Amino acid sequence: MAPSLSDVMTPDAAALAAAQKGEGRAPLEVGSPGHDLFTGLTRLGDNCLILGHRVSEWCGHAPVLEEDIALANMALDLIGQTQLWLGLAGEVEGRGRDADALAFRRDGWDFRNLLLVERPNGDFGQTLMRQFLFDAWHAPMLKALEGSSDDRIAAIARKAGKEVAYHIERSADLVIRLGDGTEESHARMQAALEALWGYAGEAFIADAVDTRLAEAGLMPAPESLRATFDETVNAVFAEATLTRPESDFAHQGGKQGRHSEHMGHLLTHMQWLQRAYPDATW
Amino acid sequence: MYAQMVKSEATEEDPEKLAAFQARIDAGERIEPKDWMPEGYRKTLIRQIGQHAHSEIVGQLPEGNWITRAPTLERKAILLAKVQDEAGHGLYLYCAAETLGISRDELTEQLLSGKMKYSSIFNYPTLTWADIGAVGWLVDGAAIMNQVPLQRTSFGPYARAMVRICKEESFHQRQGYDLIRKMAEGTPEQKAMAQDALNRFWYPSLMMFGPSDKDSVHSTQSMAWKIKINTNDELRQKFVDQTVPQAEFLGLTIPDENLKWNEDKGGYDFSEPDWNEFYEVLKGNGPCNADRMEARTRAWRDGAWVRDGLMAHARKQATRRVAAE
């Protein structure tokens, strides 16, 4: 056993350390630049966290061994990106919350992910289509974020962008192969597209936070990514012999913290240990 | 040990060829897939490598059980990476088995029909987060005991797969120990979870080595062929001797009143696991056998349309290429 060191954490030192971390500092004011940036970063981080969680639910249950490996890989990338985005969000907030505190101790209404990523896995076709629709937005989003006026954002985007370039290549390829596979695989992919299309549009609809972030040069205007998204999905659907649904109706709310019923169940799983044993470290 | 009770096949072949084959093995040569080999050697290896591969695949399930509940992002990433490694091990091992003339699909069908087995250990449940630590520390620890010597096994593809697997397994064991150490040094509840995990996983881990060699009918031939390097009892003793001080460091108690250092043999005396329980688990009566097989069967059945779709697309592409030429 290592010899124990003397305890330097006196109450004074603990208070100073807490103050330095910002514990007890007032929350950021809604509408302030700091709050906008925090919101933008939690939107990015929560998308990765919730989708990474969903994808990780497949572990050990995929249709073929190579897909078990690929799905775990995607989930790993997304969890890694979560650590970066939420870590930065916590820093910007300055109240002593790190990425884990944001992931495991916020309630549903504080999550800012798109409704798309919290959709249940369904069959492999739905999981794949959800991934493809997300990737087709995520890739150009990260590309645009590389030009952010905030160097920290640009650096994370560059790193994540390399991973997501592979994600979109994989998901597009599989959508094509299964769309243009058997009659059954085609029907399942078309059904998945119809079930999820209504959740694809939320990413492109700006609210006031998005607009201010875009004006500050921190993040791209959401609608500016639509053309690239359309180009990608149209090309892939054509090759996959899938029909793009006519209506562009978009469910909204996730970005503002209004989630589906599924979200609470997901968080119940994800946050259980941290909530049940709040004094523990892991 | 991920392969238990692997039955060796008797071989009735040209005695001269057999003698020459044995001489190669005795000289420490590697047997490669295109080399002549006795049918018994081939069949025993298929059974052993296949069982090992199946164990990696089924072994994803008890750990996957906690991925969605991992308590920090880092722990979640570590666990995901570990389970992904296991799927990778399954893949190398299926590839090694394929060099012996059996396809991965055939092996999978044999697993799902119950004709082939996987390690008994994966029929035990992971009930708390500490179990994820115990699996890494004890289960991977026990597996490594067997797998390290298998890096020198006589069949080339198996030995080479094992080199890579061992590197990753050693890493997993350290991660598991780190996890359970954090628990053992944590709150009273965490410490209780760590002790409970050790209590439940101790004897099933000892069972992983298989019954005593005194009762094992298959060991002699497999050892002559160098597809089994050490006896079950040697490995079990080594595992106990290695693990006891690790448990002491954690402040955890191994659930065995008879555990005692024996100066004469330079190792610990310890209680045998309940071998009746072991045979019941092999027969399908472990706590999770039905759930594990159900999960694997469902994944295979529900995934059929995906595999069929991919194959159909590949055929269409091939036809289009021919038409374009």
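An unreviewed UniProt entry lists chain B under the name 1,2-phenylacetyl-CoA epoxidase subunit A, with Pararhodobacter marinus as the source organism.

For chain A, an unreviewed UniProt entry supplies the name Phenylacetate-CoA oxygenase subunit PaaI and the organism Pararhodobacter marinus.

## Thoughts on helix α1 (residues 15-26) of chain B
Between its first and last C-alpha, α1(B) extends 16 Å over 12 residues, near the 16 Å set by a 1.5 Å rise per residue. Just past α1(B), the residue G28(B) takes up positive phi, approximately 80 degrees.

## A closer look at the packing of helix α6 (residues 129-150) of chain B against helix α7 (residues 156-184) of chain B
All names here are of chain B. In the contact formed by α6 and α7, the axes pass within 7 Å of each other and the chain directions differ by 150 degrees. Taken together, the axes of α6 and α7 are roughly antiparallel relative to one another. Two packed elements cross with a definite hand, and for α6 against α7 that hand is left-handed. Considering only residue class, the contact of α6 with α7 consists of 17 nonpolar, 8 polar and 2 charged.

## Examining the side chain of T128(B)
Residue and element names in this part refer to chain B. With respect to the helices and strands, the residue T128 is situated in the loop between α5 (104-112) and α6. Here the side chain of T128 touches A130 through a polar contact of 3.1 Å, landing on its backbone nitrogen. Excluding residues that lie within four positions of it along the chain, T128 makes contacts with W66, M193 and R200.

## Considering the packing of aromatic side chains
In total, this model carries 20 aromatic pairs over all chains according to the counting rule given. Between the aromatic rings of F209(B) and F239(B), the centroid separation amounts to 5.5 Å while the plane-to-plane angle is 50 degrees, which identifies the pairing as tilted. Taken together, the residues F209(B) in the loop between α8 (188-207) and α9 (219-224) and F239(B) in helix α10 (residues 232-250) connect sequence positions 30 residues apart. One exposure class covers both F209(B) and F239(B), and it is buried. Three or more aromatic residues joined by ring pairs make a cluster, and in this case those are F132(A), W197(A), F204(A), F229(A) and F237(A). Directly above the ring of F111(A) sits R106(A), whose terminal nitrogen or CZ lies 4.2 Å from the centroid.

## Structural notes on empty space enclosed by the protein
Residue and element names in this part refer to chain A. Taken as a whole and assessed by the stated rule, the structure comprises 5 cavities of 30 Å³ or more. For the largest cavity, the calculated volume is near 190 Å³. Lining the largest cavity are 17 residues; nearest its centre among them are R43, W137, M141, D210 and K255. Counting only elements with at least two residues in the lining of the largest cavity, the list comes to α2 (33-56), α6 (124-145) and α9 (208-215). Here the residues of the lining of the largest cavity sort into 11 nonpolar, 2 polar and 4 charged. Roughly 100 Å³ of volume is contained in the second largest cavity.

## Focus: the nonpolar core
Ranked by size, the top nonpolar core spans 143 residues in total, and within it M129(A), F132(A), L133(A) and W129(B) carry the most contacts. By residue number, the principal contributor to this core is helix α3 (residues 65-93) of chain A, which donates 12 residues. In this structure, A87(B), L93(B), Y94(B) and F155(B) belong to the second largest nonpolar core, which totals 31 residues.

## Focus on the side chain of K255(A)
Checked against the element boundaries, K255(A) lands in the loop between α10 (226-240) and α11 (261-276). Those residues in contact with K255(A), other than ones at most four positions away along the chain, are R43(A), R112(A), N113(A), L114(A), E202(A), A203(A), I205(A), D210(A) and P222(A).

## Brief notes about a negative patch on the surface
Residue and element names in this part refer to chain B. A surface patch of negative charge is lined by E98, D105, E106 and E109. Among the elements that make up the negative patch, the one with the highest residue count is α5 (3 residues). Counting through the fold element by element, E98 comes out in helix α4 (residues 73-98). With relative accessibility at 36%, the residue E98 sits in the partly exposed group.

## Things to note about the interface of chain A and chain B
Taken together, the contact pairs 50 residues of chain A with 48 residues of chain B. In total, chain A and chain B occlude about 4200 Å² of area from one another, counting both sides; carbon and sulfur atoms represent 69% of this. Here chain A is connected to chain B by 3 salt bridges. For the salt bridge of R320(B) with D180(A), the shortest nitrogen-to-oxygen distance reads 2.9 Å. Looking at the side of chain A that touches chain B, the elements that each hand over two or more residues are α2, α3, α4 (99-105), α6, α7 (151-179), α8 (183-196) and α11 of chain A. Here the side of chain A that touches chain B takes 11 residues from α3(A), the largest share from any one element. Grouping the amino acids of the side of chain A that touches chain B by side-chain chemistry returns 26 nonpolar, 14 polar and 10 charged.

## Observations regarding the confidence of the model for chain B
Considering every residue of chain B, the mean pLDDT works out to 95; 98% of them sit at 70 or more. If you check the scores for this complex, the pTM reads 0.94 and the ipTM reads 0.94.

Calculation rules
- Residues numbered from 1 in each chain as written.
- Chains lettered and ligands numbered in written order.
- Predicted model: local features only at pLDDT ≥ 70, side-chain atom pairs only at ≥ 80, totals over all residues.
- Heavy atoms only, no water.
- Helix = DSSP H or I, 4+ residues; strand = E, 2+ residues; numbered from the N terminus.
- Expected span 1.5 Å × (residues − 1).
- Axes fitted to C-alpha atoms, helices over the stretch in contact; angles between N-to-C directions.
- Parallel < 35°, antiparallel > 145°, perpendicular 65-115°, else oblique.
- Left-handed = near helix turned anticlockwise from the far one by under 90°.
- Nonpolar A, V, L, I, M, F, W, Y, C, P; charged D, E, K, R; others polar.
- Polar contact = N/O pair within 3.5 Å; in protein donor to acceptor, adjacent residues only side chain to side chain.
- Contact = heavy atoms within 4.5 Å.
- Phe/Tyr/Trp six-rings, centres within 6.5 Å; stacked < 30°, edge-to-face > 60°.
- Buried < 20%, exposed > 50% of the residue type's maximum accessible area, 1.4 Å probe, protein only.
- Lys NZ or Arg CZ within 6 Å of the ring centre and 35° of its normal.
- 1 Å grid on protein atoms, 1.4 Å probe; cavity = no way out; pocket = protein on both sides within 12 Å on 5 of 7 lines; lining within 4 Å.
- Points joined across faces, edges and corners; volume = space filled by probe spheres on them.
- Core = buried A, V, L, I, M, F, W, Y, C linked by side-chain atoms within 4.5 Å.
- Patch = residues over 30% accessible without salt bridge, like charges linked within 9 Å, V, L, I, M, F, W, Y side chains within 5 Å.
- Areas by Shrake-Rupley, 256 points an atom, 1.4 Å probe, with all protein chains shown as cover.
- Salt bridge = Lys/Arg side-chain N within 4 Å of Asp/Glu carboxyl O.
- Lys, Arg positive; Asp, Glu negative; His and termini not counted.
- Charge placed at Lys NZ, Arg CZ, Asp CG, Glu CD.
- Buried area = accessible area lost by both parts, 1.4 Å probe.
- pLDDT = per-residue confidence, 0-100.

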